[in-house]
Amino acid sequence: MNRPKIMGIGELVWDLLPDGRQLGGAPVNFAYWCNRLGAEGYPVSAVGSDDLGREAFDRLAATGLDLGYVQHNALPTGRVNVTLSGNGIPEYDIVEGVAWDALEADAGTLELAARADAVCWGSLAQRSETSRRTIAAILEATRPECLKVFDINIRQHWYSREIVTASLGHADVLKLNEGELPLVASLLGIGKSSAEAIAELVRAFSLRYVVYTAGADHSEIHGAEGLLSRIPTPEIEVADTVGAGDSFTAAFITSLLQGEPVAASHRKAVETAAKVCTMHGAIPRPQ
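Residues numbered from 1 in each chain as written. Predicted model: local features only at pLDDT ≥ 70, side-chain atom pairs only at ≥ 80, totals over all residues. Heavy atoms only, no water.

*Asks:* Would you mind showing me how to read the side chain of Asp151 here?
*Replies:* Mapped onto the elements, Asp151 comes out in strand β9 (residues 147-151). Buried within the structure, Asp151 lacks any salt-bridge partner; Lys175 is the closest side chain of opposite charge, at an N-O distance of 4.1 Å. At 3.0 Å, the side chain of Asp151 and the side chain of Thr249 are in polar contact. If we ignore the near neighbours within four places in the chain, the residues touching Asp151 are Cys120, Trp121, Gly122, Lys175, Gly245, Asp246 and Thr249. (Helix = DSSP H or I, 4+ residues; strand = E, 2+ residues; numbered from the N terminus. Buried < 20%, exposed > 50% of the residue type's maximum accessible area, 1.4 Å probe, protein only. Lys, Arg positive; Asp, Glu negative; His and termini not counted. Salt bridge = Lys/Arg side-chain N within 4 Å of Asp/Glu carboxyl O. Polar contact = N/O pair within 3.5 Å; in protein donor to acceptor, adjacent residues only side chain to side chain. Contact = heavy atoms within 4.5 Å.)

*Asks:* Just checking my understanding: could you explain the sheet that holds strand β1 (residues 5-9) for this structure?
*Replies:* Note: strands within a sheet are paired through backbone hydrogen bonds, in either parallel or antiparallel orientation. Strand order in the open sheet formed by nine strands is β5-β4-β1-β8-β9-β10-β11-β12-β13, and the pairing between neighbours is mixed. On the outer flanks of this sheet lie β5 (70-73) and β13 (226-232), each paired with one strand and no other. Here the average twist between neighbouring strands, direction ignored, is 15 degrees. The pairing of strand β12 (residues 218-223) with β13 spans six bridges and is antiparallel. (Pairing = 2+ DSSP bridges. Axes fitted to C-alpha atoms, helices over the stretch in contact; angles between N-to-C directions.)

*Asks:* Is there a simple way to think about the state of the cysteines in this case?
*Replies:* A covalent bond between the sulfur atoms of two cysteines is what we call a disulfide. Following the criterion strictly, the structure yields zero disulfides and no others. The thiol of Cys34 is unpaired, and the distance to the nearest cysteine sulfur, on Cys120, comes to 7.6 Å. The cysteine Cys277 is free of any disulfide, with Cys34 supplying the nearest cysteine sulfur at 17 Å. Residue Cys277 is classed as buried on the basis of its relative accessible area of 11%. (Disulfide = S-S within 2.5 Å.)

*Asks:* Would you take a moment to explain the pattern of salt bridges for this structure?
*Replies:* Any two side chains of opposite charge can pair, on the condition that their charged atoms come close. Tallied over the full model, the rule gives 11 salt bridges. Where Asp117 meets Arg143, a salt bridge forms, and the shortest distance between an N and an O atom there is 3.3 Å. In this pair, Asp117 is assigned in the loop between α3 (107-115) and β8 (118-121) and Arg143 in the loop between α4 (129-141) and β9, connecting sequence segments 26 residues apart. Given a relative accessible area of 26%, Arg143 falls into the partly exposed group.

*Asks:* What is the right way to read unusual backbone geometry from this model?
*Replies:* With glycine set apart, most residues show a phi of negative sign, and most peptide bonds adopt trans. Even without glycine at this site, Asn153 takes up a positive phi of about 45 degrees. For Asn153, a relative accessible area of 9% gives the class buried. Even without glycine at this site, Gln156 takes up a positive phi of about 50 degrees. In this structure, Gln156 sits in the loop between β9 and α5 (161-170). Note on Gln156: relative accessible area 35%, which makes it partly exposed.

*Asks:* Quick question: what am I supposed to make of α4 here?
*Replies:* An α-helix turns once per 3.6 residues; consequently, residues spaced three or four apart project the same way. Across its 13 residues, α4 extends 19 Å between first and last C-alpha, which sits within 8% of the 18 Å expected from 1.5 Å per residue. When we look at burial in α4, the residues that qualify are Ser131, Thr134, Ile135, Ile138 and Leu139. All buried residues of α4 fall inside an arc of 135 degrees around its axis, so they share one side. Every exposed residue of α4 that faces more than 90 degrees away from the buried side is listed here: Arg133 and Glu140. Next to the buried residues of α4 lie β1, β4 (40-48), α3, β8, β9 and α5. (Expected span 1.5 Å × (residues − 1). Arc of directions from axis to C-beta.)

Everything listed here is a matter of coordinates, which is why it stays silent on function.
Next up, the structure:
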């Protein structure tokens, strides 16, 4: 099977959940699921030289991920205080001034970017000027044929028109959910309905795909031709939804790069995200 090289760039955190801590961060979750689904998934992030950093490194190493692009620095390892609503939807309090805020574009990371088949990044990791510059440098180092995936992952107040517009300018694929689409539409002054906003995003930024997820209802894939695929969300018993969107993106992109058509890649994404929703956290604990 083709094993595309896929980078997940940005935050690495411990999600401090009501029933304990889970290792995560959207780019790390994404890289883990790319790797699990048959790609070479590479997390590109940073941890501190503290107990949480060492534990994170050990936990990720046990999954078989290549951690050669996880940097170490003097800042504390990322942490997120997570509370869950009655239906399992997470709310986040994301600690500032942590290791991934100081992510650097070192020679090894840029060399990997030059070989990558896809890279994925979001808005949260760009909250610091240092990491924002690093992500821009990594994207500039990629080949023209590298699939660039902006999984927007809006969190709290860490997004802006400037960050969103610059990222969309790099992107081939935009992934966003039913809460994020109205924010983006308002930020950019586009579209009255969801369909209109998505169509305008595709046209304005020459996007190959917009991946739109609407929680427990359905998900859609859009392209220049319009709606390409729509699948109802399966009815399952939800443990929590942490990492479900990241695994969805990972499955869709990995399947595309392995040569699957859009509809089949979408189906794989739906099935993978449903599986993650039955687990606590996005990355299973080693058995």
